[in-house]
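# Reading the structure
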Amino acid sequence: MLLLLPGLLFILWGEPARCLEENGGFPFDGHIRHFAVAANTVYVATEERLYQLSHDLTLVQSVSQRGILTGSDQTNDAHFSRVAETDERNATFGVNILLPFVENDALISCGVIECGYCEVLDLKNISNVLYREHFQVGSPWTSSASVGFLVNVEQKSTETYILAANQQYEPQYEPAKKSCSLVRDAVNLHNANHHQKGSIFSLSDAFTTTSIKRCKGNAEFVDGFQINLIIYLFSNLPSSDENNKVRLIWLEGKTNKKETLESLRGAILRVSDGDGGEGSKLLASAVIPGGPPVLWSGVFSVDGGQTNTELVLFDISPDLSGVPGADPDFGNVCPLNTAPTPKTLKPKAVLFRQKYMTSVLAVRQKAWVVFFIGTGDGQLIKLAVDKNYRPTCPRVLYRANDDRRVFPKMLLDQVDLKHVYMPLQSQMKRVPVSDCSTYTNVQDCWSAQDPYCVWCGSHNSCTFEDECRDSDWISIPDDFQAKMVSYRVKDGSGQITLNIQIHLTVGREARSNFSCQFSTSEPCSTKSPPPQFPQCTCILSKSTLPAEGLPVTVRFRLGTTQLREELKLFNCSEISGPPTSVLCRRCIEAGCGWSKSGCSWADGGVEDDNSCQMMESGMNFSKPEISSITPSVVSFYGRNHAVLSGYNLSDVTRVRIKANMDCTPHESPVWNHTGVTLTFHIPSANTKGTVNACVLLPDGSCHGNAKIIYQSSPSCTSIVPGSSWISGKRKITLTGSHLDFVDGVMHNHVQEVRPPRNTSHQNLTYDTPAADEKVSSSTLRLKVANETVNCSIMINYYPNPEFTTFTSTRMGNDVRIALQKKPDKLEMTPAELSVWGVEGRNQYPCIMEAKKNSNETDFFICEIQSSKTTTAEFQQLLIMYGDQTVTLKLKSSLQLYLLLFLLLIPFILFAVFLVYRSQQKKLTAKMNKHMEDLELDIRNDIRHGNVR
C-alpha cells in the first residue's frame, strides 16, 4: 500500500537524528523511502536506516541499513550483516516494501541488495531479525516504485499473502547485477509466513504459479488496498504519444492464489470528457471509509505534469458481472487475447482544485468526509465535504517555509485518531487534525465548519466531542449551511408566520432541553406550535407588518448553551423596485423569497444572497478594468504598496482577493487613485498558490480578474562577506531562496531596516548598518511586508581598516600606487576601495588592479593613467570605503631621515656605552699589569739590596 517515487530517492550519509522537533516533527538524515503505521508504532525506512518510533514520534530505536554482503545469491549462501556507522561496508539495503503484519507480530521489509532481499523483523523490536532471505518481492531496482500490501484470501481458513505490484517498463531495465534472477510480472502474490505452501515469500500455490502480466507497454502502479474480499489496484498506463490511461483492477480474494489472480476485472477512470479518458495522470489516492458504495478519491494531474491538479471523487464499487480475465491491458498469459474495452467510470464530483497536490488522506467524521491534502510546496490542507459532496472552506493545517514536497502517502495516528503523519522529504510531521480550542465562542466554533469540533456547554469551550464528557454539546449539521439560523416569513390565511430553523447537530442532553423564546412588540399567537428541534414557529398576532419593519429577538436554549438571533421582518410584497442586487439582498435578508418577478412571500424563491451578486446594482458607475498588478508574485506574507493598473479606477473602493473555493475573501482598501493606477496592500494568505483579484465599487459589485501568486517565505543560507567594518555601509550579498520578496534587512543590534540594493530569487545585496565598539556580531532578520523572518545567519563586526602608507612609482606613462593596510579580519577586496591621487586641488582616479599580501600586510595596487596627470609621484591619496573617506599623506624625506635619526639614537648611545665599557676594561687591565710589573720590580730591588 506504500508508494516509493524515484524522484524521492537520494543517498544521504550521517548519524541518525535523535531529537523531537518542537513543532511535532522528527528529522531524519536521509530522505524517506517508505513508512508504515501499526497500532502505536511508526516505522520509517530511509536510504541509510530503519526507524522505530512511538506514535508521538519519539525515537524507540533505529538500525543501520548498511552492512557487509558475503557469499552468493546463486548458491543460496549470501549473507547480509549490518555494521556500525563508522565501519566499512560494501552493501546497502534499499527498502521497496514495508509491511507491518500485526497478527504475526512481524514487520516485513523487502527490497534490494544487489538482488532481491527480504527480512522479517520483530514488530516490537526491529533490531531482532526473525528471518532473512535473498528473494525478490516487489521491484528488483532501488530506483523503481513498488506498491505492496497484505491481502486476505478466503479458503477453508483465511490466508494472508503479500500482494506486490511492480512498475513495468519497455525496454525492461536490467538489474545492477546480471546474475540476479528477476520476477518481471506486474502483480504477484507471495506467501506471508512459513506455514503456507512453499514457505514464506514463495509464489507457488498448491497447484501452480500464477501472476498478472503487462504484456506490452508501460505500467506505473500508484496505490492499492483491500475492502472485505475485493482487492483494488490503481495504475497509470503511459504511452509514447504522451497520452495516459488510468486503470482500476478488481480482484476477488477467494479460494487460492490462482483463483484470485485469474478473477481480474477492471475499469478506466476518466476525469473529464474533454480528455477522452486519456491525458490525466493519477498521482495519489485514498479510499473513503464506510460504504457501500465504495467511494474513492484521487489526486489527478490534468496538464500532463504535476502543476494543475484536481481532487476527484469516484464510486469504484466493483462490477463483477463481466468475464474474468478479459482485459486488454492486463492478463495471466501473454500474448493477451482480444478483449472488449473496459467500462469507464466518471467522477461523482470534482472536490478541489489546487496546484501541486501530491497526496491525500480521507477520514470519515460523522456524516462528513475530511480530506487531508499534501502539496509539492510543503502544505497540508484540510477540506471537509458534506454528504452532498459540497466542500467547506479549505484550511491550512501546516505550511512549510520552504518548498519541501509532501510524500505521496499520509496516514492517521491510530492511537488518538487526531493527528496526521505528514512525511516531508527528510522529516516526519505529526499534525493535529484540528485546533478546536482556538475558537473562543459558540459562533466561531460553528463557523469554522469543522466536523471534529463541538461546542461543549458544560465546559463552555470548543473542543473535540470525546473531550466533552456529557452529551451537552452542539456542532455543525450533516450538510453545509452558510448560517447557523435561517428563517422564512409566510403570509397565508390572514396571518403572518415566522419559521425559524437552527442548523445544528446536538448531543442527547442538548436535544432534550431545546427551547425558543420570541421577543417582539407583536407577541406570538397562542396558536403557535411548540418548539421542536430544529424548528421554532411564531404566528404573529397581527396580520400586517409596520413599514419600518418589525424587530424580533429569538433566544434559543440547547442544554446549557444559549443562543441569540436578531431579526427584522418586512412585508415581502412591499419590497419592490427595479431588480437590482441591492434589492435582491434586502429581500433575502428579510426572510422573503426572491425570483425573477421580484420579492414575494412565495416559498420557491432564492434564499441564498450569493445569487444576488450576479445582478446589476442599479447604480451608475463606469465599469473598471484591470491590466496588471505589480508585483503579482509575493510570499504568503503579502506585499505592501502594490500598484494596480487599468482603466476607470476612480470609483474603486477596495481590492478583493479570493482563492479558489475560498469562502472568506480578503478585501484591501485603496489609495492614490489616478483613474489608471491605484495603490493597495496585498494581504497575507494562509495558503500558497494562485488567487484572483477584482476591484470593488460602492454598490458591492466586483470587476476585473487579475492573478496574484503566493509562494514560500524568503530564506537565507549564506552570506558574503561574513563581516563588516564597524562604521557600516559594507556591501553584503545574501544567498537563499525567494529573496526578491524581501523589503529590507535588519540587524539585531539596531532597529533600522536596510533596504536592498538589488534582489533576485536567489541573491540579495544590501549595505550594513553601523555599530558601536561593544558590538562584535549581529544576527540578521528579513523584513517581508509586515512580518520579520529570522535569517539564522550571523555577521561579525571588526574595527575599520587602517591604511598606513603608500608609494607612487612611474611605470611608463602611468603612475602605479601601492597602498599599504594593516592586517585585519575584514578580508577587504579591491572592489570595495575607491582611491584618488591628490595634486593640488585636483583628484585623479586610481584604477584598482589587484590585492597582494606580503609578510601579513595587505597591499592594494592601482594605476593612474598618464593622460590624467603629469606628476610622477603623489604626496597625498584620498581613500573611500563604505561611507568613510580617509586622507593619507606621504611623509617627506627630511621627516624620514629625522625619524630614522631619532630611531638610531638609542642604538648609537648603546654602542658608545659598549665601546666605553670595552676601553675601560682594557685600561683597567693595563693599569693592573703595570702595577703588577711595578710591584715585581720593587721586590726584585729589595732582594738585590739584601744580597749586598
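Residues numbered from 1 in each chain as written. Predicted model: local features only at pLDDT ≥ 70, side-chain atom pairs only at ≥ 80, totals over all residues. Heavy atoms only, no water.

### With respect to the overall build of the protein chain
Basically, it comes down to this: Numbering of helices and strands starts at the N terminus; helices are DSSP runs of H or I of at least 4 residues and strands are runs of E of at least 2. For the exposure calls, accessible area comes from a 1.4 Å probe over protein chains only, and a residue counts as buried if that area is under 20% of its type's maximum, exposed if over 50%, partly exposed in between. By definition in these notes, contact holds between two residues if any of their heavy atoms fall within 4.5 Å. For every accessible area listed, the method is Shrake-Rupley and the probe measures 1.4 Å; residues are considered covered only by the protein chains on display.
Looking only at helices and strands, the protein chain has five helices and 67 strands in total. Relative to its 948 residues, the protein chain shows a buried fraction of 48%. Sequence separation of at least 24 residues holds for 57% of the intrachain contacts in the protein chain that already meet a minimum separation of 6. As presented, the protein chain carries roughly 45,400 Å² of accessible surface, and 50% of it is formed by carbon and sulfur atoms.

### Considering the pattern of salt bridges
For the record, the criterion: In what follows, salt bridge is the name for a side-chain nitrogen of Lys or Arg lying within 4 Å of a carboxyl oxygen of Asp or Glu.
Overall, the coordinates contain 36 salt bridges when judged by the stated rule. The closest approach of N and O atoms between Asp-223 and Lys-409, which form a salt bridge, is 2.5 Å. A residue pair is termed long-range when its members are at least 10 positions apart, and Asp-223 in strand β16 (residues 220-227) and Lys-409 in the loop between β28 (395-399) and β29 (411-412) qualify at 186 residues. Taken as a pair, Asp-223 and Lys-409 share a single burial class, namely buried. For Glu-802, the salt bridge goes to Lys-822, with nearest N and O atoms at 3.2 Å. Here Lys-822 lies in the loop between β62 (814-821) and β63 (834-839) and Glu-802 lies in the loop between β60 (787-798) and β61 (803-811), a separation of 20 residues in the sequence.

### Section: the sheet that holds strand β59 (residues 777-784)
Keep this limit in mind: Pairing between strands is defined by DSSP: at least two bridges between the two strands are required.
If you walk across this open sheet you meet the five strands as β53-β60-β59-β55-β56, and the pairing is mixed. Each end of this open sheet is capped by a strand with a single partner; those strands are β53 (723-725) and β56 (753-754).

### A short note on the state of the cysteines
For clarity, the threshold we go by: When two cysteine sulfur atoms lie within 2.5 Å, the pair is treated as a disulfide.
Evaluation of the coordinates by the stated rule reveals 11 disulfides. The disulfide partner of Cys-436 is Cys-453, and the gap between their sulfur atoms is 2.1 Å. Handedness here is read from the sign of the S-S torsion; for Cys-436 and Cys-453, about -90 degrees, the answer is left-handed. Taken as a pair, Cys-436 in the loop between β31 (427-432) and α2 (442-447) and Cys-453 in strand β32 (residues 453-456) lie far apart in primary sequence, 17 residues in all. Residue Cys-436 is classed as buried on the basis of its relative accessible area, which comes to 2%. Taking the relative accessible area as the measure of exposure, Cys-453 reaches 2% and is therefore buried. One disulfide bridge connects Cys-572 with Cys-592, the sulfur atoms lying 1.9 Å from each other. With the S-S bond torsion at -85 degrees, the cross-link from Cys-572 to Cys-592 turns out left-handed. Taken together, the positions of Cys-572 in the loop between β41 (561-569) and α4 (581-589) and Cys-592 in the loop between α4 and β42 (593-595) put the pair 20 residues apart, joining distant regions of the chain. When sorted by exposure, Cys-572 lands in the same class as Cys-592, which is buried.

### As for a nonpolar patch on the surface
Short version of the rule: Excluding any residue in a salt bridge, patches collect residues exceeding 30% relative accessible area, merging like charges within 9 Å and nonpolar Val, Leu, Ile, Met, Phe, Trp and Tyr side chains within 5 Å.
A grouping of Leu-904, Phe-907, Ile-908 and Val-912 is seen on the molecular surface, where their side chains present a nonpolar patch of about 390 Å² in accessible area. Mapped onto the elements of the fold, Val-912 is located in helix α5 (residues 893-947).

### What about the nonpolar core?
Convention followed: As used in this record, nonpolar core signifies buried Ala, Val, Leu, Ile, Met, Phe, Trp, Tyr and Cys residues forming a set joined through side-chain atoms within 4.5 Å.
The biggest cluster of nonpolar side chains holds 69 residues, and the ones touching the most others in it are Phe-372, Leu-498, Ile-500, Ile-502, Leu-504, Phe-556 and Leu-558. Contact partners of Phe-556, with chain neighbours within four places excluded, come to Val-485, Ile-500, Ile-502, Phe-514, Ser-515, Cys-516, Cys-536, Thr-561, Gln-562, Leu-563 and Glu-565. Listed in part, the 22 residues of the second largest apolar core include Val-652, Leu-678, Ile-682 and Ala-706.

### Points about unusual backbone geometry
Following Phe-533, the chain continues to Pro-534 via a peptide bond in cis, the omega torsion being 10 degrees. Its location among the elements puts Pro-534 in the loop between β38 (514-520) and β39 (535-539). Here the bond from Val-720 into Pro-721 is cis, since omega is -10 degrees, no more than 30 degrees from zero. Along the chain, the position of Pro-721 falls in the loop between β52 (715-720) and β53.

### Some words on the sheet that holds strand β6 (residues 66-70)
Read from one edge to the other, the open sheet built from three strands follows the order β7-β6-β8, with strand pairing classed as antiparallel. In the strand order of this sheet, the two ends are held by β7 (79-82) and β8 (91-92), each with one partner. Here two bridges tie β6 to β8, and the two strands are oriented antiparallel to one another. Looking across to β8, one finds that Gly-67 is bridged to Ala-91.

### Observations regarding α4
Which entries qualify depends on this criterion: Arc definition: directions from the helix axis to the C-beta atoms.
For α4, the set of buried residues is Ser-581, Leu-583, Cys-584, Cys-587 and Ile-588. Along the long axis of α4, the arc covered by the buried residues comes to 160 degrees, so they all point the same way. Among the structural elements, β42 and β43 (598-600) are those in contact with the buried residues of α4.

### With respect to the pairing of strand β17 (residues 230-238)
Counted residue by residue, β17 has eight buried out of nine residues, so it is predominantly covered. Judged from the seven bridges that link them, β16 and β17 form a sheet pairing that is antiparallel. Across the sheet, the residue bridging to Ile-227 is Ile-230, located in β17. The hairpin formed by β16 and β17 contains two residues between the paired strands, and Asn-228 there has a positive phi angle of roughly 55 degrees. Bridging between β17 and strand β18 (residues 244-252) involves nine bridges; their strand directions are antiparallel.

### Side note on the packing of aromatic side chains
As a reminder, the rule being used: Here a pair means two rings of Phe, Tyr or Trp (six-membered ring of Trp) with centres within 6.5 Å. Their orientation is stacked below 30 degrees between planes, edge-to-face above 60, and tilted elsewhere.
The tally for this structure, following the rule as stated, stands at 21 aromatic pairs. Measuring from ring centre to ring centre gives 5.1 Å for Phe-26 and Phe-28, while their planes differ by 55 degrees; the resulting arrangement is tilted. Ring geometry for Phe-221 versus Phe-330: centroids 6.0 Å apart, planes at 45 degrees, classification tilted. One end of the pair, Phe-221, is in strand β16; the other, Phe-330, is in the loop between β22 (308-315) and β23 (343-345), and 109 residues separate them in sequence.

### Quick word on the side chain of Lys-429
We apply this condition: We define a polar contact as two N or O atoms separated by no more than 3.5 Å, with the added condition that, inside protein, one atom must be a possible hydrogen donor and the other a possible acceptor, whereas residues neighbouring each other in sequence contribute only through side-chain atom pairs.
Mapped onto the secondary structure, Lys-429 falls in strand β31. Engagement of the side chain of Lys-429 in a polar contact is seen with the side chain of Gln-427, the distance being 3.1 Å.

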